[in-house]
Amino acid sequence: MFEEANGAFDYMERMGFKIDERSCILYLVALKKCGKGDSFLWFFRRMVESGVEISVYSMTIVIDGLCNRGEVEKGRELMNEMVSKGVKANVITYNTILNAYVKRKDFEAVSEVLRLMEKEKVGYNAATYTVLIEYFGSVGKHEEVEKLFDEMRQRRVEADVHLYSSMISWHCRRGNIKRAFALFDELTEKGLVPNEHVYGALIDGLCKTGQMDAAKMLVNDMQSKGIAVNQVVVNTLIHGYCKKGMIDDALRLLAVMEKKGFEPDAFTYNTMASGMSRLKRHEEAKRWLFMMIEKGVVPNAVNFTTLIDIHCKEGNIVEAKRLFQQMQRRGERPNTVTYNALINGYTKKGEMKDAYKLRNEMEAMGIIPDIYTYTSLVHGECNYGKVDEAMKLFNEMCQKGLVPNVVTYTAIISGLSKEGRSDEAFRLYNEMISLGHIPDQRVFSSLVGSLYTTGVNSSGCK
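The present account deals with the structure reproduced in this document. Everything quoted here is computed from the prediction, not taken from an experiment.

1. Thoughts on the packing of aromatic side chains
Link 1 in the chain: Enumeration according to the criterion identifies nine aromatic pairs in this entry.
Link 2 in the chain: Relative to Y135, the ring of F107 has its centre 6.0 Å away and its plane inclined at 10 degrees; by these criteria the two rings are stacked. Taken together, the positions of F107 in helix α7 (residues 107–119) and Y135 in helix α8 (residues 126–138) put the pair 28 residues apart, joining distant regions of the chain.
Link 3 in the chain: Classification of F107 by relative accessible area gives partly exposed; the value is 36%.
Link 4 in the chain: On the basis of relative accessibility, which here comes to 2%, the residue Y135 falls in the buried class.
Link 5 in the chain: Taken together, the ring pairs in this structure connect F107, Y135 and F136 into an aromatic cluster.

2. Describing the side chain of N195
Link 1 in the chain: With respect to the element layout, N195 can be found in the loop between α11 (177–189) and α12 (196–208).
Link 2 in the chain: For N195, the contacting residues outside a window of four places in its chain are V161, H162 and I227.

3. Quick notes on the environment of I238
Link 1 in the chain: Along the chain, I238 turns up in helix α14 (residues 231–243).
Link 2 in the chain: Measuring from C-alpha to C-alpha, the distance between I238 and G275 comes to 9.4 Å, with 37 residues separating the pair along the chain.
Link 3 in the chain: Apart from the residues within four sequence positions on either side, I238 is in contact with A250, L253, L254, T268, T271 and M272.

4. Here's the deal with the environment of D388
Link 1 in the chain: Among the structural elements, D388 can be located in helix α23 (residues 387–399).
Link 2 in the chain: For D388, a relative accessible area of 48% puts it in the partly exposed group.
Link 3 in the chain: In this structure, the C-alpha to C-alpha distance between D388 and K178, residues 210 residues apart in sequence, is 48 Å.

5. Description of the packing of helix α21 (residues 352–364) against helix α22 (residues 371–383)
Link 1 in the chain: Running from amino to carboxyl end, α21 crosses α22 at an angle of 160 degrees, the nearest separation of the two axes being 11 Å. By the angle between their directions, the pair α21 and α22 is classed as roughly antiparallel. Pair α21 / α22 crosses with left-handed handedness. Touching M352, A355, Y356, R359 and M362 of α21 are T373, Y374, L377, G380 and E381, all from α22.
Link 2 in the chain: Looking at side-chain class alone, the contact of α21 with α22 contains six nonpolar, two polar and two charged residues.

6. Some words on unusual backbone geometry
Link 1 in the chain: Within the chain, K105 stands out as a residue other than glycine whose phi angle is a positive 60 degrees.
Link 2 in the chain: Within the secondary structure, K105 is located in the loop between α6 (91–104) and α7.
Link 3 in the chain: In this structure, K121 is a non-glycine residue whose phi angle is positive, near 55 degrees.
Link 4 in the chain: Topologically, K121 is positioned in the loop between α7 and α8.

7. A look at helix α25 (residues 422–434)
Link 1 in the chain: With 13 residues, α25 extends 18 Å from end C-alpha to end C-alpha; this agrees with the ideal 18 Å at 1.5 Å per step.
Link 2 in the chain: Every buried residue belonging to α25 is among S422, E424, A425, L428, Y429, E431 and M432, and all of these are buried.
Link 3 in the chain: Phi turns positive one or two residues past the end of α25, at G436, with a value near 90 degrees.

8. As for the packing of helix α2 (residues 21–33) against helix α4 (residues 56–68)
Link 1 in the chain: Two elements in contact, α2 and α4, have axes whose closest approach is 10 Å; the angle formed by their N-to-C orientations is 10 degrees. Comparing their axes, α4 and α2 come out roughly parallel. Listed contacts from α4 to E21, I25, L28, V29 and K32 of α2 are Y57, S58, I61, V62, D64 and G65.
Link 2 in the chain: Across the contact of α2 with α4, the residue classes break down as six nonpolar, two polar and three charged.

Parameters at a glance
- Residues numbered from 1 in each chain as written.
- Predicted model: local features only at pLDDT ≥ 70, side-chain atom pairs only at ≥ 80, totals over all residues.
- Heavy atoms only, no water.
- Phe/Tyr/Trp six-rings, centres within 6.5 Å; stacked < 30°, edge-to-face > 60°.
- Helix = DSSP H or I, 4+ residues; strand = E, 2+ residues; numbered from the N terminus.
- Buried < 20%, exposed > 50% of the residue type's maximum accessible area, 1.4 Å probe, protein only.
- Contact = heavy atoms within 4.5 Å.
- Axes fitted to C-alpha atoms, helices over the stretch in contact; angles between N-to-C directions.
- Parallel < 35°, antiparallel > 145°, perpendicular 65-115°, else oblique.
- Left-handed = near helix turned anticlockwise from the far one by under 90°.
- Nonpolar A, V, L, I, M, F, W, Y, C, P; charged D, E, K, R; others polar.
- Expected span 1.5 Å × (residues − 1).

Honestly, that's just the spatial picture; any functional story needs more than this.
Structure, rendered in structure tokens:
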């Protein structure tokens, strides 16, 4: 088909016929959809050389294709070249380039393009604001997001469903469900029809805050609007149920969806297994992951990590290590959670040498130990009476900017108390309270026990 199209172009050029840009645009779109990047750029060059009247539309199609291939610089070069030939970029052209830089998280380039838009007096549209809101939201510049949304309204730019989707998703990620629903109401009042992304963001926000009944109602509302429940929504609901320990509800939902043709994926199986594991239903958890493999779903790093964690919790460190090695042989890269699961397993067994070996291994791979890594090591040292080693780890963790959590403080206070080092234990207790952590009964029992002996050393996060 493409050869015939090229042949037709050659024929028209030879015969001196005027070649219509609209026909060429259709061909450019077809080439882009088929992933023929080099071909569409070559054909565009031919259009220019053959005297086809080039508009911003054909130029933008080619720039979009280049940006989609990660060749955003080449896209910008083409834009600059065409500007010199009298083809001025419009807001859609700039949005295309902006979006490419946003995906790269290249803030400097984003700022440069915005300055260029201002210089060329190219006004923002809803799509521009959507791209910028998604960018600033992803890099944690929350004030900028609200500022942009307010600016859009002041400039009387009419928000579309995509912009509302971005704002609703951003508020849901921040846990601001009330504001997200206010925007949802605003969207529908304007006559806009919410799409699956809007519903998906709200359902995810409700599930993360444990509001499962409200999430279920929203799913029903979504279906009543003729929007099909997709894999992402089903997995979100299952994750919400499992997080709350409502495994039976998750199983019922899964059974209903399977009857409708839904096929669980690696995420579904892992969510179910993790939920079972949290309830200490380890055998059932393992069965879910084995069932996944039997059904031909290839396990990923997350699945391996869950299975390793289950075996560690059961005290079967040998099987956990075997799975860890198998995971690496299959080309699945262990992450911080994988290492933490194994380190925790070793520390509970008192095998501190192996635990430290894993900590060193993860650092050598460029994986930075987090608060959970250090907490496991602190807990392990305290359990076996090596409180000075635990204190070294505690101070090292603080020096690296990691903030101890309740479990860390509980472990170190318990360890110090057993050694009769009450001054240090109470100092850390005060520090724990100042950070807003709420101690449990174990902390109070440890502190009371420490009062029977005395300690003189002082320590804490400096």
